[in-house]
Protein chains: 2
Amino acid sequence: MIDDFQHVSITCRDLERSVSFYERLGLKVIKRIDEVKEQGIAQAFQLPRGHLKVAYLAPPQATSKIFIDLVQWLEPPSTGEVYPALNHVGINRLAFRVSDIDATTAALRERGITFLSRRPEMFGQGIRSIVTTDPDGVFIQLIEGL
Amino acid sequence: MIDDFQHVSITCRDLERSVSFYERLGLKVIKRIDEVKEQGIAQAFQLPRGHLKVAYLAPPQATSKIFIDLVQWLEPPSTGEVYPALNHVGINRLAFRVSDIDATTAALRERGITFLSRRPEMFGQGIRSIVTTDPDGVFIQLIEGL
């Protein structure tokens, strides 16, 4: 049966650009696979080929063992545009737990990270949250108190 | 700073239909919030309103503390179509770790779950994987050996 979550896969257009963003956010690259070429991936994913490059990233202090499987597809290439809004059907938001959202937001702004709102907003019951977007427009949420 | 992953948010069109799918997959509802109406959500998400209903789901034996934040938006309503292919830019795949992928796949087929490929495919180095889709078409991947 299903034991646990393992990873969240984000397809990007430019692996280095996205790795740089997630590193600025505070994640660390835990593995890189410069070239994957597997017929099994093509078959499992119903794509004509399975040729891609990959970086795994996770917060350095994380205990969950989950990682982002950041993928730039080479053949077929990464395609399309991300969901334009947070009420769009699909996996449209990845949330990270932060212990001090004001300090984190300020530190990230100094690193050039921008957010959808000026400050963290109350989500009720002591929960505060703010959302940024990665270089392709993927919604990344920071949450304190949930 | 960022402590860990917290949740993956999946927007669905019909909360009960999607809860039923994820329960058949083997996840458990760990919390339900029948009505959320928060101006802070609207502001953080840059949406005109923040009116939604929610179920949190996780594998019952999981130790990661991660959960799926399954959301049906009410106002504004859930909108749009999911990414049609696995090389589409965005968060397009959520992967679960399974300990016996053949037994899991067989058991899930008995519960009416369908998969993109006939059997789990080799992803190299002892890794095997198969992909299903939820009622809205969201790609859910099962992996053994990674």
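Below you will find a few notes about this structure. Computed from a predicted model, the values in this text were never measured in an experiment.

Parameters at a glance
- Residues numbered from 1 in each chain as written.
- Chains lettered and ligands numbered in written order.
- Predicted model: local features only at pLDDT ≥ 70, side-chain atom pairs only at ≥ 80, totals over all residues.
- Heavy atoms only, no water.
- Helix = DSSP H or I, 4+ residues; strand = E, 2+ residues; numbered from the N terminus.
- Rg over C-alpha atoms; globule rule 2.2 N^0.38 Å.
- Buried < 20%, exposed > 50% of the residue type's maximum accessible area, 1.4 Å probe, protein only.
- Contact = heavy atoms within 4.5 Å.
- Areas by Shrake-Rupley, 256 points an atom, 1.4 Å probe, with all protein chains shown as cover.
- Lys, Arg positive; Asp, Glu negative; His and termini not counted.
- Charge placed at Lys NZ, Arg CZ, Asp CG, Glu CD.
- Salt bridge = Lys/Arg side-chain N within 4 Å of Asp/Glu carboxyl O.
- Least-squares fit on C-alpha atoms with pLDDT ≥ 70 in both.
- Arc of directions from axis to C-beta.
- Buried area = accessible area lost by both parts, 1.4 Å probe.
- Polar contact = N/O pair within 3.5 Å; in protein donor to acceptor, adjacent residues only side chain to side chain.
- Nonpolar A, V, L, I, M, F, W, Y, C, P; charged D, E, K, R; others polar.
- Core = buried A, V, L, I, M, F, W, Y, C linked by side-chain atoms within 4.5 Å.
- Pairing = 2+ DSSP bridges.
- Axes fitted to C-alpha atoms, helices over the stretch in contact; angles between N-to-C directions.

**Focus: the overall build of chain A**
Of the regular secondary structure elements, chain A holds three helices and eight strands. Its helices and strands taken in sequence order, chain A reads β-α-β-α-β-β-β-α-β-β-β from the N to the C terminus. Here the C-alpha radius of gyration of chain A, 16 Å, is about what a compact globule of 146 residues would show, namely 15 Å. Considering only C-alpha atoms, chain A reaches an extent of 50 × 35 × 30 Å along its principal axes. Looking at chain A residue by residue over its 146 residues, the buried ones come to 58%. Within chain A, counting contacts between residues at least 6 apart in sequence, those at least 24 apart form 56% of the total. When the accessible surface of chain A is totalled, it reaches about 6,000 Å², and 47% of it is carbon and sulfur. Separation between the mean location of the 17 positive side-chain charges and that of the 18 negative ones in chain A comes to 3 Å.

**Overview of the pattern of salt bridges**
By the definition in use, this model includes 18 salt bridges over all chains. Salt-bridge contacts for Glu144(A) lead to Arg128(A); the nearest nitrogen and oxygen are separated by 3.4 Å. Remark: Arg128(A) occurs in strand β7 (residues 128-133) and Glu144(A) occurs in strand β8 (residues 139-144); sequence separation between them is 16 residues. Judged on exposure class, the residue Glu144(A) and its partner Arg128(A) are both buried. Here Arg13(B) makes a salt bridge to Glu81(B), at a shortest N to O gap of 3.4 Å. Of this pair, Arg13(B) sits in the loop between β1 (2-12) and α1 (15-25) while Glu81(B) sits in the loop between β4 (67-75) and β5 (90-98); the two residues are 68 residues apart in sequence, bridging distant segments of the chain.

**What about the relation of the copies chain B and chain A?**
Superposition record for chain B on chain A: RMSD 0.0 Å, screw rotation 180 degrees, translation along axis 0.0 Å. In symmetry terms, the pair is related by a two-fold rotation axis. The position closest to the rotation axis in chain B is occupied by the C-alpha of Ser64(B), lying 2.1 Å away. When the interface residues of chain B are mapped onto chain A, 100% of them are again interface residues, pointing to one common binding face.

**Looking at helix α3 (residues 101-110) of chain A**
All names here are of chain A. Looking at α3, one finds that the buried residues are Ile 101, Thr 104, Thr 105 and Leu 108. For α3, the angular spread of buried residues about the axis comes to 100 degrees, placing them on one side. Packed against the buried residues of α3 are α1 (15-25), β5 (90-98), β7 and β8. One or two positions beyond α3, positive phi appears at Gly 112, with a value near 90 degrees.

**Concerning the interface of chain B and chain A**
Every contact between the two is made by 77 residues of chain B and, on the other side, 77 residues of chain A. When the two sides are added together, the surface that chain B and chain A hide from each other amounts to roughly 7,100 Å², 60% of it contributed by carbon and sulfur. At the junction of chain B with chain A, the criterion picks out six salt bridges. Here Asp69(B) makes a salt bridge to Arg93(A), at a shortest N to O gap of 3.1 Å. Where chain B meets chain A, there are 41 residue pairs in polar contact (both at pLDDT 80 or more). Elements that contribute at least two residues to the side of chain B that touches chain A include exactly β1, α2 (39-45), β3 (51-58), β4, β5, β6 (121-122), β7 (128-133) and β8 (139-144) of chain B. Sort the elements by how many residues they give to the side of chain B that touches chain A and β1(B) lands first, with eleven residues. Taken together, the residues of the side of chain B that touches chain A break down into 43 nonpolar, 23 polar and eleven charged.

**Considerations on the nonpolar core**
With 101 residues, the main nonpolar core has Tyr22(A), Leu94(A), Phe96(A), Tyr22(B), Leu94(B) and Phe96(B) as its most contacted residues. Ignoring anything within four residues of it in the chain, the contact list for Phe96(B) reads Ile2(A), Asp4(A), Phe5(A), Gln6(A), Leu25(B), Leu27(B), Pro59(B), Ile68(B), Ile140(B), Gln141(B), Leu142(B) and Ile143(B).

**Topic: α1(A)**
All names here are of chain A. Along α1, the positions that sit buried rather than exposed are Leu 15, Ser 18, Val 19, Phe 21, Tyr 22 and Leu 25. Down the axis of α1, the smallest arc covering the buried residues is 160 degrees, so these residues share one side. Regarding α1, its N-cap is Asp 14, as a side-chain oxygen of that residue lies 3.1 Å from the backbone nitrogen of Glu 16 further along. Positive backbone phi, at 115 degrees, marks Gly 26, one or two positions downstream of α1.

**Points about the sheet that holds β8(B)**
Strand order in the open sheet formed by eight strands is β2(A)-β3(A)-β4(A)-β1(A)-β5(B)-β8(B)-β7(B)-β6(B), and the pairing between neighbours is mixed. Of all strands in the sheet, those with a lone pairing partner are β2 (28-37) of chain A together with β6 of chain B, marking the two edges. In this structure, strand β1 (residues 2-12) of chain A lies alongside β5(B), joined through eight bridges in antiparallel fashion. Note that in β5(B) the partner of Asp4(A) across the bridge is Arg97(B). In the packing of α1(B) onto the sheet, the strands contacted are β1 of chain A together with β5, β7 and β8 of chain B, and the crossing angle to β7(B) comes to about 155 degrees. Relative to β7(B), helix α3 (residues 101-110) of chain B is tilted by about 20 degrees, and along the sheet it contacts β5, β7 and β8 of chain B.

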